[in-house]
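# Structural description and commentary
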Amino acid sequence: MENPYIQQYPELMSGKTVLYVHGFASSGQSGTVARLREVMPNAHVIAPDLPLHPDEAIALLQDICQKEQPHLIIGTSMGGMYAERLYGYARICVNPALQMGDTMKSHGMIGAQTFQNPRQDGVQEFIVTKALAKEYKDFCEHCFEGVTDDEQSLVYGLFGDEDTTVDGYADFHDHYRQALHFHGEHRMNDKSFMHSVLPVIRWIDDSQEQRERPIIYIGAETLADSYNKPTSSMAKAISMLIEHYQVYFVAPSPSSDAAEYAVTTDWLTQYVGVPAWGHTVFTNQRHLLYGDYLIAREKTPDTMATLLEYGSDTFKTWEEVIEYFSRLGGQ
C-alpha cells in the first residue's frame with residue numbers, strides 16, 4: 001500500500017552528503033536510512049554500521065566526517081549521543097541517549113542481544129556486559145565538552161513527548177538553545193519524521209544555501225475553531241505551505257500575564273508542532289510585518305503583505321487557501 005506520509009523532495013539536500021548515525025542494536029540498513037533515501041533521493045546518504053565499543057564508534061564517525069565532510073548529520077537515540085560529539089557539522093539529534101550507560105542498566109540491556117537489522121559483517125548477536133555499560137557511562141561524561149557559541153546554530157535536539165526510553169531534553173537544553181519537542185515516541189515512524197524532522201532538515205538546507213523563500217504570516221485566530229480545536233484542513237495547509245514558504249504564526253501580544261503567552265505557545269506546540277518553533281510572532285501591529293502574505297480573519301489596514309481574509313467568500317476554509325497557493329506554485 002502507498003504510504004500516506006512519505007513524499008519525495010528531490011530538491012532537498014540535493015547533491016549533499018547526509019551522514020546517518022543509527023541507534024543501539026541497529027545498523028546502517030535500518031528503516032530510517034531507507035526513509036531518508038526515499039524522501040531525499042538526490043542526497044548522498046551514508047549510514048555505517050557502528051562498532052559496539054563507543055571509543056571505536058566515535059573514531060570511525062570522526063574519520064568518516066573528515067573524509068566525507070557531511071553537510072548534515074542525523075543521529076537517533078544512541079546515534080544522537082554520538083552526533084552531539086561530532087562538532088563542527090550541522091546536526092540533528094533525535095531522542096539522544098545522553099546517559100547511555102545508565103539506560104543500558106535501567107532497561108535491562110545487560111546480557112545477550114540481537115541486532116535489529118542486518119549488518120555488513122554478518123554478525124547478528126552480541127553481549128552487553130557490565131564492563132561495556134561502564135564504557136558508555138564514561139563516554140557520556142564527555143558529552144557537551146565541545147559546545148561553543150558557534151555550535152549553538154549548528155545543532156538541533158528533537159525530543160519525543162511520548163518517549164519512555166530516554167529523557168535527555170533537560171541536559172541538552174542546558175547546553176544548546178535549539179531543543180524542541182515533537183509528537184512521537186522514542187522510535188521515529190514515518191509520521192513523526194515527516195512532520196517533525198523534515199522541517200528541520202529544510203531549515204538547515206535553506207540556511208546553507210542562503211535560500212530565501214516568500215514569507216507567509218498566519219494569524220493564530222485562523223487556526224482554532226469555536227471549541228479551540230484545529231480548524232478543518234489546517235494541518236494539511238500548513239504541511240503544504242512549509243514546503244515552499246517561510247511560515248510564521250502571529251498572535252496578539254500578551255499582557256503582563258505570562259499565562260497568556262503560555263496558552264498560545266502550548267496550543268501551537270500541541271497542534272502545529274515543530275514548524276511553529278522559532279516561527280511565532282507576538283504583536284499587536286500586524287501592519288508592520290514585512291512579508292509576502294498575511295492570512296487573517298480581519299482586515300489589516302496598510303499591511304505590507306497581500307491579505308488573504310480567512311472566512312471570507314473567497315477563502316472560506318483552508319481548502320480554498322490550499323487551492324490558491326497551489327496555483328501560485330511557490331511564488
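Data block above holds the structure.
So, here is what we can say about the structure in this document. (Residues numbered from 1 in each chain as written. Predicted model: local features only at pLDDT ≥ 70, side-chain atom pairs only at ≥ 80, totals over all residues. Heavy atoms only, no water.)

The strand order across the open sheet built from six strands is E2-E1-E3-E4-E7-E8, with neighbouring strands paired in parallel fashion. In this open sheet, the two edge strands, each paired with only one partner strand, are strand E2 (44-46) and strand E8 (179-182). Ignoring which end each strand starts from, the neighbouring axes of this sheet average 20 degrees apart. Here four bridges tie strand E3 (residues 72-76) to strand E4 (residues 91-94), and the two strands are oriented parallel to one another. Residue pairing in the sheet places isoleucine 74 in a bridge with isoleucine 92 of E4. Contacts between helix H2 (residues 54-68) and the sheet are confined to strand E1 (17-21), E2 and E3, with E1 contributing the most and set at about 175 degrees to the helix. (Pairing = 2+ DSSP bridges. Helix = DSSP H or I, 4+ residues; strand = E, 2+ residues; numbered from the N terminus. Axes fitted to C-alpha atoms, helices over the stretch in contact; angles between N-to-C directions. Contact = heavy atoms within 4.5 Å.)

This next bit is on the side chain of serine 192. Within the secondary structure, serine 192 sits in helix H8 (residues 190-209). On the basis of relative accessibility, which here comes to 5%, the residue serine 192 falls in the buried class. In this view, serine 192 contacts Phe182, His183 and Val197; residues no more than four positions away in its chain are not counted. (Buried < 20%, exposed > 50% of the residue type's maximum accessible area, 1.4 Å probe, protein only.)

So, about the packing of helix H1 (residues 31-39) against H8. Relative orientation of the contacting elements H1 and H8 amounts to 55 degrees, with a least axis distance of 12 Å. Relative to H8, the element H1 is oriented oblique. Between H1 and H8 the crossing geometry is right-handed. Contacts between H1 and H8 involve Arg35, Leu36 and Val39 on the former and, on the latter, Asp190, Phe193, Met194 and Leu198. Looking at the contact of H1 with H8 residue by residue, the class counts come to five nonpolar, no polar and two charged. (Parallel < 35°, antiparallel > 145°, perpendicular 65-115°, else oblique. Left-handed = near helix turned anticlockwise from the far one by under 90°. Nonpolar A, V, L, I, M, F, W, Y, C, P; charged D, E, K, R; others polar.)

Bringing the environment of asparagine 189 into the picture now. Along the chain, asparagine 189 turns up in the loop between E8 and H8. Separated by 3.2 Å, the side chain of asparagine 189 and the backbone nitrogen of lysine 191 make a polar contact. (Polar contact = N/O pair within 3.5 Å; in protein donor to acceptor, adjacent residues only side chain to side chain.)

Here we take up H8. At valine 197, H8 shows its maximal kink, close to 35 degrees; a proline, proline 199, follows between one and four residues later. Between a side-chain oxygen at the N-terminus of H8 and the backbone nitrogen of lysine 191 the separation is 3.2 Å; the capping residue is asparagine 189. At the exit of H8 stands glutamine 210, carrying a positive phi of roughly 50 degrees. (Bend = angle between axes of the 7 residues up to and from the residue.)

With 15 residues, H2 ought to run about 21 Å at 1.5 Å a step, and its terminal C-alpha atoms sit 21 Å apart, in line with that. Taken together, the buried positions of H2 are Pro54, Ala57, Ile58, Leu61, Ile64 and Cys65. Buried residues along H2 cover an arc of 120 degrees about the axis, so they all sit on one side. Pointing more than 90 degrees away from the buried face of H2 are the exposed residues Asp55, Gln66 and Lys67. Of the surrounding secondary structure, the elements contacted by the buried residues of H2 are E1, E3, helix H3 (78-84) and helix H5 (130-140). Among the residues trailing H2, glutamine 69 stands out with phi positive, at a value near 45 degrees. (Expected span 1.5 Å × (residues − 1). Arc of directions from axis to C-beta.)

Along the chain, histidine 22 turns up in the loop between E1 and H1. Among residues more than four places away in sequence, those in contact with histidine 22 are Ser27, Gly28, Pro48, Asp49, Leu50, Thr76, Met78, Gly79 and Arg119.

All right, on to the packing of aromatic side chains then. Across all of its chains, the model carries 18 aromatic pairs by this definition. An angle of 70 degrees between the planes, with centres 5.5 Å apart, marks the rings of tyrosine 82 and phenylalanine 139 as edge-to-face. Taken together, the residues tyrosine 82 in helix H3 and phenylalanine 139 in helix H5 connect sequence positions 57 residues apart. Neither residue differs from the other here; tyrosine 82 and phenylalanine 139 are each classed as buried. Taken together, the aromatic side chains of Phe144, Phe159, Tyr169, Phe172 and Tyr176 make up a single cluster linked through ring pairs. One Lys or Arg, arginine 85, reaches over the ring of phenylalanine 139 and ends 4.2 Å from the middle of that ring. Its end group placed over the ring of tyrosine 9, arginine 202 keeps NZ or CZ at 5.3 Å from the ring centre. (Phe/Tyr/Trp six-rings, centres within 6.5 Å; stacked < 30°, edge-to-face > 60°. Lys NZ or Arg CZ within 6 Å of the ring centre and 35° of its normal.)

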